[in-house]
Amino acid sequence: MKIKTLETFCNQYVGFVRVTTDTGATGWGQVSNYNSDITCQIFHRQVARWALGADARDIAALTDTIPEREHKFPGSYLMRALTGLDTALWDLRGKLEGKSVCELLGGKPRPFPVYASSMKRGEITPKDEAARFIKLRDKHGYDAFKFRVGKECGHDQDEWPGRTDEIVPLIRKTLPGARLLVDANSSYTPKKAIEVGRMLQDNGIIHFEEPCPYWEYHWTKEVTEALDLDVTGGEQDCDLTLWRFMTDMKAVDVVQPDVCYMGGINRTLKVVEMAKKAGLPVTPHAANQSMVTVFTLHLMGAIPNAGPYVEFSIEGEDYYPWDRGLYEPALVARDGKVQIPDQPGWGVEISKAWLEKATYQKSEL
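Residues numbered from 1 in each chain as written. Predicted model: local features only at pLDDT ≥ 70, side-chain atom pairs only at ≥ 80, totals over all residues. Heavy atoms only, no water.

A. Layout of the overall build of the protein chain. For the protein chain, the count of helices and strands is 13 helices and 15 strands. In terms of overall dimensions, the protein chain is globule-like: its C-alpha atoms have a radius of gyration of 20 Å, near the 21 Å expected for 365 residues. Structurally, the protein chain occupies a C-alpha span of about 60 × 40 × 35 Å along its principal axes. The proportion of buried residues among the 365 residues of the protein chain is 59%. Looking at the protein chain alone, contacts between residues at least 24 apart form 71% of all its contacts between residues at least 6 apart. Carbon and sulfur atoms provide 49% of the accessible area of the protein chain, an area that totals close to 14900 Å². The protein chain carries 44 positive and 51 negative side-chain charges, and their two centres are separated by 3 Å. (Helix = DSSP H or I, 4+ residues; strand = E, 2+ residues; numbered from the N terminus. Rg over C-alpha atoms; globule rule 2.2 N^0.38 Å. Buried < 20%, exposed > 50% of the residue type's maximum accessible area, 1.4 Å probe, protein only. Contact = heavy atoms within 4.5 Å. Areas by Shrake-Rupley, 256 points an atom, 1.4 Å probe, with all protein chains shown as cover. Lys, Arg positive; Asp, Glu negative; His and termini not counted. Charge placed at Lys NZ, Arg CZ, Asp CG, Glu CD.)

As structure tokens, this is what we get:
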């Protein structure tokens, strides 16, 4: 079964990929979000050319060899484009075998726990963040929440003076029984991160994400060794050599690859295996409700070292005007869990109305 055509449908924020074989079988995937229009150009120029005519069932061979064929371009954009091929082929395989991707990976579709993930920092006051967490808890049954501290790549600065010191105890007081996570987005030097981390521990925070600039692995390891709570990270990393370095040195307590940044399911599974050998759990980054969350749910329903929950964005159209109405059925949190789709492939259908408005490109034999 050979790959005959590869099509993309995109706007600036989202890009879908459709693979069609010489038998007429199809599958749908997605390149990574953000500048997806650029990523789709890379997909057709540097990914599709190597995939056309190849065996559609041998996903591993393609995702291993295409980075070698494009070895002068080892960075993020190539991996973001490769994700579109990988995920479309997994969907194709699932439909051919009548199984969900979760089942193909050895898991079982089921309701999976999620944590309510806030993306806001400068746009929301601590008081308003606490208030919306209460509403979401009551509506969706969340018992775990993540909010932002520090400032993105902040050089030890806060988003505004005193914000972190205010929001941490306020959220803890507001949600006394909840599991609380925070994300610093590369905010701190080790000294400051340890200082903040001890304050987090005093307030019962259990997860301190990306405390230091993510490329400073030894800084992050210093923080990990100094604190008792889980220090986590890895969302930005797509280089498997750096992942091996990070897991071997145990720079973090929990690894957080992003399926779409990594290059798809197959390459993410390599990180999962590295983490398993190091005795580390996996809680991937999935910071919006495009297909990245669908991919992550299927993955987490199958891997042996899955963390306790999947990230689930709580932002609406005011923050992400582009991540709704992409596919059906939409993911919905109930009792703090989201159902892993159980139909063949990814178990969702891409919106025809969305596709009709998208920029279209096609590569074929």
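B. Summary view of the pattern of salt bridges. Per the stated rule, a full pass over the model turns up 18 salt bridges. With its nearest N and O atoms 3.1 Å apart, the salt bridge here joins E97 to R93. Of this pair, E97 and R93 are both found in helix α3 (residues 76-97), 4 residues apart, which corresponds to roughly one turn of the helix. For R93, a relative accessible area of 28% puts it in the partly exposed group. Several salt bridges converge on common partners, so that one network encompasses K120, E129, R132, E315 and D318. (Salt bridge = Lys/Arg side-chain N within 4 Å of Asp/Glu carboxyl O.)

C. Representation of the sheet that holds strand β15 (residues 359-364) within the structure. The sheet built from 4 strands is open, its strands ordered β3-β2-β1-β15 with antiparallel pairing. The open sheet has two edge strands with one neighbour each: β3 (26-30) and β15. For this sheet the average axis-to-axis angle between neighbouring strands, irrespective of direction, equals 20°. Where strand β1 (residues 3-10) meets strand β2 (residues 15-21), 7 bridges bridge the pair, whose relative direction is antiparallel. Bridge pairing in β2 links F9 to F16. Sitting on the sheet, helix α1 (residues 36-51) is in contact with β1, β2 and β15, with an inclination near 175° to β1. (Pairing = 2+ DSSP bridges. Axes fitted to C-alpha atoms, helices over the stretch in contact; angles between N-to-C directions.)

D. Spotlight on the packing of α1 against α3. Taken N-terminus to C-terminus, the directions of α1 and α3 make an angle of 65°; their axes are 8 Å apart at the nearest point. Between α1 and α3, the crossing angle belongs to the class labelled roughly perpendicular. Two packed elements cross with a definite hand, and for α1 against α3 that hand is right-handed. Counting all contacts with α1, which are made through I38, T39, I42, F43, Q46, V47 and A51, the residues of α3 involved are Y77, L78, R80, A81, L82, G84 and L85. Considering only residue class, the contact of α1 with α3 consists of 10 nonpolar, 3 polar and 1 charged. (Parallel < 35°, antiparallel > 145°, perpendicular 65-115°, else oblique. Left-handed = near helix turned anticlockwise from the far one by under 90°. Nonpolar A, V, L, I, M, F, W, Y, C, P; charged D, E, K, R; others polar.)

E. Just the nonpolar core, in detail. One finds I3, L6, L85, F147 and F208 to be the most contacted residues of the largest nonpolar core, which totals 114 residues. With 9 residues, the top contributor of residues to this core is α3. In contact with L6, not counting residues within four places along its chain, are V17, R18, V19, F43, H44, A48, A51, L52, L85, Q361, K362 and S363. (Core = buried A, V, L, I, M, F, W, Y, C linked by side-chain atoms within 4.5 Å.)

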